[in-house]
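Residue-level structural notes
Listed below are the residues making up each chain.
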Amino acid sequence: FNFLQYKKEVSVIANPTSHRIDPLSGELTGATGHYSKKLSDMTGLYADEISFSQAVERGGDAIIYKVSDVRPNAAHGDLIFGTTFMEPGRIGNEFFMTRGHIHAKANRPETYYGESGEGLMLLESPEGTTRVLEVLPRQMIYVPPFWIHRSVNIGSVPLVLSFCYPSDSGQDYSIIERSGGMASRIVADGSGWKEVRNSSYSPRGPLEIARVYE
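Residues numbered from 1 in each chain as written. Predicted model: local features only at pLDDT ≥ 70, side-chain atom pairs only at ≥ 80, totals over all residues. Heavy atoms only, no water.

**Things to note about the overall build of the chain**
The number of helices and strands found in the chain is four helices and 13 strands. Expected size for 214 residues packed as a compact globule is a radius of gyration near 17 Å; at 18 Å, the chain falls within 12% of this value. Dimensions of the chain, computed from the C-alpha atoms along their principal axes, are close to 55 × 45 × 30 Å. Sequence-distant contacts in the chain: of pairs separated by 6 or more residues, those separated by 24 or more amount to 70%. With an accessible surface of roughly 11400 Å², the chain has 52% of that area assigned to carbon and sulfur atoms. If the 21 positive side-chain charges of the chain are averaged to one point and the 25 negative ones to another, these points end up 3 Å apart. (Helix = DSSP H or I, 4+ residues; strand = E, 2+ residues; numbered from the N terminus. Rg over C-alpha atoms; globule rule 2.2 N^0.38 Å. Contact = heavy atoms within 4.5 Å. Areas by Shrake-Rupley, 256 points an atom, 1.4 Å probe, with all protein chains shown as cover. Lys, Arg positive; Asp, Glu negative; His and termini not counted. Charge placed at Lys NZ, Arg CZ, Asp CG, Glu CD.)

This is the structure we're talking about:
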């Protein structure tokens, strides 16, 4: 690690800061960035397109999830951290979820911590292997490099997560779009949930897989 080069990139050494997370609202004190996704922004994510269109007609401006974060610096060696607040709900039998992404620099990891609610982390390797991890209060999830990931709220109350990842990671959402979604979906199964195959999924070819690992 070249400290002098890092100091040159960030110009000055940043001051330490302290931030409080409200585990129910996801409010993060001192947040410098905010964005939200409305139901109408989620076009193409759900299998039941008719139910989705009907839901948008009834309330397309409803916010499905919102993110607050702190981005001290974009230089390699720093961190971005923040919170995600996601409403409960379903489109057809499919639970509310985030858009999902892989990092633009795919060899960057991420951690998630359950603050409140009940959720899942749906993960997919470039080759299409999937993993599903429960996200419960006081439970930490480690997303290794090269894994596509998406949060899903399977509960009846909001899901609140905190997260942290390297500040130069970036997000790539298009890798999911090009494959027709992630390889599997999370749907209601009685009083619980189950993972089912996404019939619209198109596996990545060798060249696209190789580009991810580059």
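**Let's talk about the pairing of strand β11 (residues 159-166)**
Most of β11 sits out of view: seven of its eight residues are buried. With five bridges connecting them, strand β6 (residues 110-116) and β11 associate as antiparallel partners. Within the sheet, the bridge partner assigned to S116 lies in β11 and is V160. (Buried < 20%, exposed > 50% of the residue type's maximum accessible area, 1.4 Å probe, protein only. Pairing = 2+ DSSP bridges.)

**Side note on helix α2 (residues 49-59)**
Looking only at α2, the buried set comprises S51, F52 and A55. Angular distribution of buried residues about the axis of α2 spans 100°; they occupy a single face of the element. Along α2, the residues that are exposed and aim more than 90 degrees away from the buried face are E49, I50 and E57. On its buried side, α2 packs onto β4 (90-91). (Arc of directions from axis to C-beta.)

**Regarding the pattern of salt bridges**
Once their charged atoms are close, side chains differing in charge can pair, the charge on each being opposite to the other. Within the structure shown, the criterion is met by eight salt bridges. Ionic pairing is found between R71 and D69, a salt bridge with its closest N-O pair at 3.1 Å. Linking E208 and R178 is a salt bridge whose minimum nitrogen-to-oxygen distance equals 2.8 Å. Of the two residues, E208 sits in helix α4 (residues 206-213) while R178 sits in helix α3 (residues 174-178), which places them 30 residues apart along the sequence. When its relative accessible area of 15% is taken as the criterion, E208 is described as buried. The network of salt bridges with common partners includes K105, R108 and D168. (Salt bridge = Lys/Arg side-chain N within 4 Å of Asp/Glu carboxyl O.)

**Some thoughts on the packing of aromatic side chains**
In this description, an aromatic ring pair is defined by two values, namely the gap between the centres and the angle between the planes. What the rule picks out here adds up to four aromatic pairs. The interplanar angle of 25° and the centroid separation of 6.0 Å between the aromatic rings of F163 and Y165 together place this pair among those described as stacked. Members of the aromatic cluster, connected to one another through ring pairs, are Y112, F163 and Y165. Note that K66 overlies the ring of F85, its terminal NZ or CZ placed 5.2 Å from the centroid. Residue placement shows R99 over the ring face of Y173; its charged tip is 4.0 Å from the ring centre. (Phe/Tyr/Trp six-rings, centres within 6.5 Å; stacked < 30°, edge-to-face > 60°. Lys NZ or Arg CZ within 6 Å of the ring centre and 35° of its normal.)

**Here we look at unusual backbone geometry**
We note that R138 has phi near 65°; this positive angle belongs to a residue other than glycine. By relative accessible area, R138 is classed as exposed at 68%. Positioned with a positive phi, F146 is a non-glycine residue whose angle comes to about 75°. With respect to the element layout, F146 can be found in the loop between β9 (140-143) and β10 (148-153). What makes F146 partly exposed here is its relative accessible area of 23%.

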